Amino acid sequence: MKRTVIVFISLLFILSACGGKESKENKENTTASTIAESEVAAFVGEGQMTVLRTLINSNEFFVNDVFVASHLSVDKTAAVNNANGTFAPVISDKIKTYADLSDMLKATYTAKTAEKILSEQKYLEIDGKLYFNMKYDAESDYKLDWSNFDFKVKSVTDEEIVLDISVKDSKGKTVTLTATAVNENGNLRLDELCC
């Protein structure tokens, strides 16, 4: 991988030196802005690809098991009522408290997106425990299968990486979703819940 990147960068350097009278602005636009799809792999390292795959896996968990297709398991027999509705305590080994949910969201999405998701109040903290808002306990018609997702980097800038994520619909047909991972305080985070 390192050898390929070095060869690619050397080739770019040689070609740019042979280019003659190409304007400085044109050169900057070629390298600093969006990079052609065929060249993207050379600019996204293995570490970043691992981070992107982890973000997509986490997004899949939130889509399928927490917010869209389903919700965390709850104990309906211990549901409580308050001014905001009926809430059942969550039964989960992965997310036990509202702080756990908030931290996991902020490790996957931008702070703005995490706050937006939390503001929907599908989950609340009651007496130090995580509760699910039962008004969202309906059968979902969400039918995308993320079990064998694949993704491709479309473009890269200093601020963001745009991805095409391929999943299957209920008939096995490939559906492409576009997601953007942005650099937030030195860490890549998805800018939206991708579903």
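Structure report, in brief. (Residues numbered from 1 in each chain as written. Predicted model: local features only at pLDDT ≥ 70, side-chain atom pairs only at ≥ 80, totals over all residues. Heavy atoms only, no water.)

## Focus on helix α3 (residues 46-67)
Quick reminder of the rule: Only DSSP runs of H or I reaching four residues or more are called helices, and only runs of E reaching two or more are called strands; each is numbered from the N terminus. Expected span, for any helix, means 1.5 Å times one less than how many residues it has. Any residue under 20% of the maximum accessible area for its type is buried, any over 50% is exposed, and the rest in between are partly exposed; the area is computed with a 1.4 Å probe on protein chains only.
When the terminal C-alpha atoms of α3 are compared, their 30 Å separation across 22 residues agrees well with the 32 Å that a helix rising 1.5 Å per residue should span. Inspection of α3 places L52, L55, I56, S58, N59, F61, F62, V63, N64, V66 and F67 among the buried residues, and these make up the whole buried set.

## A word on the sheet that holds strand β4 (residues 129-133)
Filter applied, for reference: Here, a strand pair is defined by DSSP locating no fewer than two bridges between the strands. Here an axis means a line fitted to C-alpha atoms, over the contact stretch when the element is a helix, while the angle between two N-to-C directions is reported on a 0 to 180 degree scale.
Strand order across the open sheet formed by four strands is β1-β2-β4-β3, with antiparallel pairing between neighbours. Unpaired on one side and paired on the other, β1 (80-82) and β3 (123-126) mark the two borders of the sheet. On average, adjacent strands in this sheet sit at an angle of 40° to one another, irrespective of strand direction. In the sheet, β1 pairs with strand β2 (residues 85-89) via three bridges, with the strands oriented antiparallel. Each bridged residue has a counterpart across the sheet, and for V80 the counterpart in β2 is F87.

## Brief notes about the packing of helix α4 (residues 98-108) against helix α5 (residues 111-119)
Selection rule: The cut-offs work like this: below 35 degrees is roughly parallel, past 145 is roughly antiparallel, 65 to 115 is roughly perpendicular, and the gaps in between are oblique. Crossing handedness is read from the near helix: turned anticlockwise from the far helix by less than a right angle, it gives a left-handed crossing, and turned clockwise, a right-handed one. The contact criterion used throughout is that any non-hydrogen atoms of two residues lie within 4.5 Å. Under the scheme applied, nonpolar residues are Ala, Val, Leu, Ile, Met, Phe, Trp, Tyr, Cys and Pro; charged residues are Asp, Glu, Lys and Arg; polar residues are all the others, including Gly.
Axis separation between α4 and α5 bottoms out at 8 Å; the angle between their running directions is 140°. The orientation of α4 relative to α5 falls into the category oblique. As α4 packs across α5, the resulting crossing turns out to be right-handed. Packed against α4, whose contacting residues are Y98, L101, S102, L105 and K106, the element α5 presents A114, E115, I117 and L118 at the interface. When the residues that make up the contact of α4 with α5 are grouped by side-chain class, the tally is six nonpolar, one polar and two charged.

## Considerations on the nonpolar core
So the rule is basically this: Take the buried residues of types Ala, Val, Leu, Ile, Met, Phe, Trp, Tyr and Cys, join any two whose side-chain atoms come within 4.5 Å, and each joined set is a nonpolar core.
In terms of nonpolar packing, the biggest core is built from 40 residues, with V66, L101, L105, Y123, W146 and I165 touching the most fellow members. Every residue in contact with I165, bar those within four places of it in the chain, is listed here: I56, W146, F149, D150, F151, V175, T176, L177, A179 and C194.

## A word on the state of the cysteines
Between two cysteines, a covalent bond joining their sulfur atoms is known as a disulfide. Let me state the cut-off plainly: What counts as a disulfide here is a pair of cysteine sulfur atoms lying within 2.5 Å.
The final tally for this structure, using the stated rule, is zero disulfides. Distance from the sulfur of C194, which forms no disulfide, to the nearest cysteine sulfur (C195) is 7.0 Å.

## Remarks on unusual backbone geometry
Its identity is not glycine, yet Q121 carries a phi of approximately 60°, on the positive side. Here Q121 shows up in the loop between α5 and β3. If you check the backbone angles, N185 has positive phi at about 55° while not being a glycine. Examined against the element boundaries, N185 turns out to sit in the loop between β7 (174-184) and β8 (187-190).

## What to know about the packing of aromatic side chains
Note the following rule: Here is the rule: rings of Phe, Tyr and Trp (six-membered ring for Trp) pair when centre to centre is within 6.5 Å. Planes less than 30 degrees apart are stacked, more than 60 are edge-to-face, and the remainder are tilted. For a ring to carry a charge above it, either NZ of a lysine or CZ of an arginine must fall within 6 Å of the ring centroid while also lying within 35 degrees of the normal to the ring plane.
The tally for this structure, following the rule as stated, stands at six aromatic pairs. Relative to F132, the ring of Y123 lies with its centre 5.2 Å away and its plane at 55°, an arrangement referred to as tilted. With respect to class, Y123 is no different from F132; both count as buried. Above the ring of F61, the side-chain terminus of K94 is found at 4.1 Å from the ring centroid. In this structure, K122 is placed above the aromatic ring of Y136, and the distance from its NZ or CZ to the ring centre is 5.1 Å.

Spatial relationships are all this shows, so hold off on functional conclusions.
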